[in-house]
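Summary of the model geometry
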Amino acid sequence: MDSSKLSSKFQLTLPKRVREDLEVEEGDRILFVKGEGGQWTILRVPSDPLDALRYLGERAGLTGTPSEVRREMESWEE
């Protein structure tokens, strides 16, 4: 799975029409994740970084604290 760090440098503002098509509201945090086979998935994650790490860790089947989940996910990039 390709992943991007939860960082402000990757944030962008989507036009209203795109937000409506994706069924997200202003202020929602979304991630685009490229899975096996090259297919992209859009995930709506909590805006709080700790809650987002908990959510992503749960989806990935990881256990531990948000810090442990973050370290594990960052190791995937190496």
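What you see is a predicted model, and the numbers here were worked out from it, not measured in a lab. (Residues numbered from 1 in each chain as written. Predicted model: local features only at pLDDT ≥ 70, side-chain atom pairs only at ≥ 80, totals over all residues. Heavy atoms only, no water.)

**Regarding the nonpolar core**
Note on soluble globular proteins: their nonpolar side chains tend to be buried together. By size, the foremost hydrophobic cluster in this structure holds 9 residues: Leu-31, Val-33, Leu-43, Val-45, Ala-52, Leu-53, Leu-56, Val-69 and Met-73. Where this core is concerned, the elements lending two or more residues are β1 (29-34), β2 (40-45), α2 (49-59) and α3 (66-75). The biggest single contributor to this core is α2, with 3 residues. (Core = buried A, V, L, I, M, F, W, Y, C linked by side-chain atoms within 4.5 Å. Buried < 20%, exposed > 50% of the residue type's maximum accessible area, 1.4 Å probe, protein only. Helix = DSSP H or I, 4+ residues; strand = E, 2+ residues; numbered from the N terminus.)

**Here's the deal with the environment of Asp-48**
Checked against the element boundaries, Asp-48 lands in the loop between β2 and α2. Classification of Asp-48 as partly exposed rests on a relative accessible area of 35%. For Asp-48 and Arg-29, which are 19 residues apart along the polypeptide, the C-alpha to C-alpha distance reads 9.0 Å. A polar contact is formed between the side chain of Asp-48 and the backbone nitrogen of Asp-51, at a distance of 3.1 Å. (Polar contact = N/O pair within 3.5 Å; in protein donor to acceptor, adjacent residues only side chain to side chain.)

So yeah, pure geometry; function would need other evidence.
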